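Close look at the chain arrangement
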Amino acid sequence: MPRKEGFVVKPKNVLIIGAGIAGLSAASYLQRNGYATEIFEAHSVPGGLCTAWKRGEYTFDYCIHWLIGTNPETGFDVLWKELGAFQNEDGSQSQIRTFDEFTRMEFSDGETVRVYANADRLKEELLRVGPDDRKEIEQFTEDLKTLSHFRLIVDPEKRSLSNRLSTSLRNLSIFLRYLRHLKTPIQEYARKFKSQAIRKTLLGMTPPDWSLATLTMGLGLQHTQSAGYPVGGSLNFARNIERKYLSLGGKIHYRNPVEKILVKDNQAVGLQLESGEKVMGDEIISAADGHTTLYKMLEGKFLTKTLQNAYTHFPLFPSSIFLGFGIARDMKDQPKMLAIELDSPLELPDKSVHPYLAITIRHYDPTFAPAGKTSASVLLNTWNEEFWRDLAGKNRHAYEEIKKEIGNRVIALLEKRFPGIRSDIEEMDISTPYTVQRYTHNWRGSYEGFGLTPKTIMARFPKTLPGLSHFSMIGQWTTPGGGLPPAGLDGRNVASRICRQDGRPFVT
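This one's a predicted model, so the numbers in the text were calculated from it and none came from an experiment.

Reading the values: the criteria
- Residues numbered from 1 in each chain as written.
- Predicted model: local features only at pLDDT ≥ 70, side-chain atom pairs only at ≥ 80, totals over all residues.
- Heavy atoms only, no water.
- Pairing = 2+ DSSP bridges.
- Helix = DSSP H or I, 4+ residues; strand = E, 2+ residues; numbered from the N terminus.
- Axes fitted to C-alpha atoms, helices over the stretch in contact; angles between N-to-C directions.
- Parallel < 35°, antiparallel > 145°, perpendicular 65-115°, else oblique.
- Left-handed = near helix turned anticlockwise from the far one by under 90°.
- Contact = heavy atoms within 4.5 Å.
- Nonpolar A, V, L, I, M, F, W, Y, C, P; charged D, E, K, R; others polar.
- Core = buried A, V, L, I, M, F, W, Y, C linked by side-chain atoms within 4.5 Å.
- Buried < 20%, exposed > 50% of the residue type's maximum accessible area, 1.4 Å probe, protein only.
- Salt bridge = Lys/Arg side-chain N within 4 Å of Asp/Glu carboxyl O.
- Polar contact = N/O pair within 3.5 Å; in protein donor to acceptor, adjacent residues only side chain to side chain.
- Expected span 1.5 Å × (residues − 1).
- Arc of directions from axis to C-beta.

By way of backbone hydrogen bonds, the strands of a sheet pair with one another, either parallel or antiparallel. Strands sit in the order β13-β14-β15 across an open sheet of three strands; the sheet is antiparallel. Edge strands, defined here as strands with exactly one partner in the open sheet, are β13 (258-264) and β15 (278-280). Neighbour to neighbour, the strand axes of the sheet diverge by 30 degrees on average, direction disregarded. Sheet topology note: the β13/strand β14 (residues 267-273) ladder contains six bridges and is antiparallel.

Okay, the packing of helix α1 (residues 21-31) against helix α9 (residues 233-247) next. Contact geometry of α1 with α9 gives a least axis separation of 9 Å together with a crossing angle of 25 degrees. It follows from the interaxial angle that α1 and α9 lie roughly parallel. By crossing handedness, the relation of α1 to α9 is classed as left-handed. Across the interface between the two elements, I21, L24, A27, S28 and Q31 of α1 pack against F237, A238, I241, E242, K244 and Y245 of α9.

Direction vectors running N to C along helix α12 (residues 385-394) and helix α15 (residues 433-440) enclose 75 degrees, while the axes themselves pass 7 Å from each other. With respect to their mutual orientation, α12 and α15 come out roughly perpendicular. Residue-level inspection shows E385, W388, R389 and A392 of α12 in contact with α15, the latter providing P433, Y434 and Q437. Looking at the contact of α12 with α15, its residues break down into four nonpolar, one polar and two charged.

Among the nonpolar cores identified, the biggest contains 42 residues, and I21, I39, W80, F237, I285 and L484 are the most heavily contacted of them. Contributions of two or more residues to this core are made by β3 (13-17), α1, α2 (77-83), α9 and α16 (484-501). Here F237 is in contact with I21, C50, I64, L67, W80, A85, F86 and L484, once residues within four sequence places are set aside.

Moving on, we come to the pattern of salt bridges. Taken as a whole, this structure holds 29 salt bridges when the rule is applied. With its nearest N and O atoms 3.3 Å apart, the salt bridge here joins D143 to R180. Of this pair, D143 sits in helix α4 (residues 134-147) while R180 sits in helix α5 (residues 161-182); the two residues are 37 residues apart in sequence, bridging distant segments of the chain. One salt bridge in this structure joins E405 and R409, with 3.9 Å as the shortest N-O distance. Within this pair, E405 and its partner R409 are both found in helix α13 (residues 396-417), separated by four residues, close to a single helical turn. On the basis of relative accessible area, E405 is assigned to the partly exposed category, the value being 37%. The structure contains a network of salt bridges with shared partners spanning E57, K373 and E426.

Here we take up unusual backbone geometry. Its identity is not glycine, yet E299 carries a phi of approximately 60 degrees, on the positive side. Relative to the helices and strands, E299 resides in the loop between α10 (290-297) and α11 (305-313). In this structure, H441 is a non-glycine residue whose phi angle is positive, near 65 degrees. Considering the arrangement of structural elements, one finds H441 in the loop between α15 and β22 (471-473).

With that settled, consider the pairing of strand β11 (residues 227-230). As paired strands, strand β7 (residues 67-68) and β11 are joined by two bridges and run antiparallel to one another. Opposite I68, over in β11, you have A227 as the bridge partner. Of the strand pairs in this sheet, strand β8 (residues 96-97) and β11 are connected by two bridges, and their pairing is antiparallel. Within β11, the residue paired with R97 across the bridge is Y229.

Residue position: S286 is located in strand β16 (residues 283-286). One polar contact links the side chain of S286 to the main-chain amide nitrogen of A288, over a distance of 3.4 Å. In this structure the side chain of S286 is engaged in a polar contact, spanning 2.7 Å, whose partner is the side chain of T293. Those residues within four positions of S286 in sequence are excluded, and the remaining contacts are I17, T293, F471, S472, M473 and I474.

The end-to-end C-alpha distance of α13, which contains 22 residues, comes to 32 Å, matching closely the 32 Å that a straight helix rising 1.5 Å per residue would cover. Looking only at α13, the buried set comprises Y399, I402, K403, I406, G407, V410, I411, L413 and L414.

Turning to its location among the elements, F237 is positioned in helix α9. Spatially, the C-alpha atom of F237 lies 19 Å from that of V436, the residues being 199 residues apart in sequence.

Secondary-structure assignment places E101 in strand β9 (residues 101-106). Within the structure, the side chain of E101 is placed 2.7 Å from the side chain of R104, a separation counted as a polar contact. Not counting the four nearest positions on each side in its chain, E101 is found in contact with R114, V115, Y116, A117, P335 and K336.

So, about α12. Restricting attention to buried positions, one finds in α12 the residues E385, W388, L391 and A392. Along the axis of α12, the buried residues cluster in a sector spanning 135 degrees; they form a single face. With respect to the buried face of α12, the exposed residues turned more than 90 degrees away are G393 and K394.

This brings us to the sheet that holds β16. The five strands lie next to each other as β12-β4-β3-β16-β22, forming an open sheet whose pairing is parallel. Whereas interior strands pair on both sides, the edge strands pair on one side only; in this sheet they are β12 (251-253) and β22. Sheet twist, expressed as the mean angle between neighbouring strand axes with direction ignored, is 20 degrees. Across three bridges, the pairing between β16 and β22 is parallel. Among the inter-strand pairings, I284 is bridged to a residue of β22, identified as F471. Running at roughly 165 degrees to strand β4 (residues 36-40), α1 makes contact with β3, β4, β12 and β16 of the sheet.

Turning to its location among the elements, W477 is positioned in the loop between β22 and α16. On the accessibility criterion, W477 (3% relative accessible area) is buried. A sequence separation of 28 residues divides W477 from G449, and the C-alpha atoms of the two residues are 5.2 Å apart.

These results come straight from atomic positions and should not be treated as a statement about function.
As structure tokens, then:
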């Protein structure tokens, strides 16, 4: 602790709302830069929506399928190394898995399309399916190769000027191509292809009104194997970051939801917890749900027109009905991700309609199930979170019965693709948008904030609010598209900014 004229200088106290990846990241970097930090989290575990849970012998994982920064290709590996994201409790490093096949589409007419990670193999597969689309297929796969070379300078303070300039120039040509994808909706792009199977593959992987870039950037990173999967999954990933932070002397107060951000003379000065307790701080960072932060904790007093417009008009990532299955069957011969086109769409009581059954078969993570068994999940997106919230509030018995009914209907559909699987299912657990809201407080149960249409994907929100000092807001609601990399980087950047404004060198 620094001293001045013989007296101990008390470090600045920073209070952080939310122990998701953004909150943990901000706290970790601030703690190592001499600040005293405390995180207040409503849930009992870290990670927010980067989570998983146990049911019997099985682990059901809600979040990570692939993660930018699992190797040095993107530059993001620096961030995860600094945060200790791959350093396990036993001292080992998380094994990173990469895959030849990104996903597989099986259509009701019997056609199968394998979406390979390697762009050249993908080109061969798409040419097999749609030989008349050669020109578009070649352009598409060349775009993926170009986008695969994107590099992010996470640590500019450690790079030379020439290194930063060369990276920026290399990224410029990539960005120009990326910009074209940003402005193109998937449904408009899909119409360029004559092959119905290719059109359905594109539209089956991404909502039709979303930007093409949401698909091509992810596929591009698969080409260079720059976005693998850390064995241990989402909660282990969050626990690793939490453990690093705690080792630096930080504090996390679980089951301590924040009711209000205390403001005096247009300065954030502390937090009022739901228990009524008030905690005072020198800096306040909200890494919590954006709507709750702005409209509840700050009572709508510091809203800008831009923020009002976003929370009124911007589309959101959907919420979901998540079905986890513990299956007494070795399924290593199956693809890791599979989308099955149904003979007739699955219609649910919340009025959502599902033409595909999207299945994740996590045979690639041995920590999720005993040997010879498999943890799998089905995700059904829905934008009708009101149905689930109202039902759970008014009639909990009916809520549970509807969940069971959906589970049985999904199992019947799985039985068609995997005969006999019903008798092999040992565990089943179902979460709904109400579950998401109950545990993470995410507005409308959205799992990644604002959706990625060509309009919204270019939007950026300031990390501070005009008229309110000593306050920052970070996380998925400040960066449309959300996700773990922007969340982790947000934490690093806000810590760097606070150090800069206090005249401190930023150390990592």
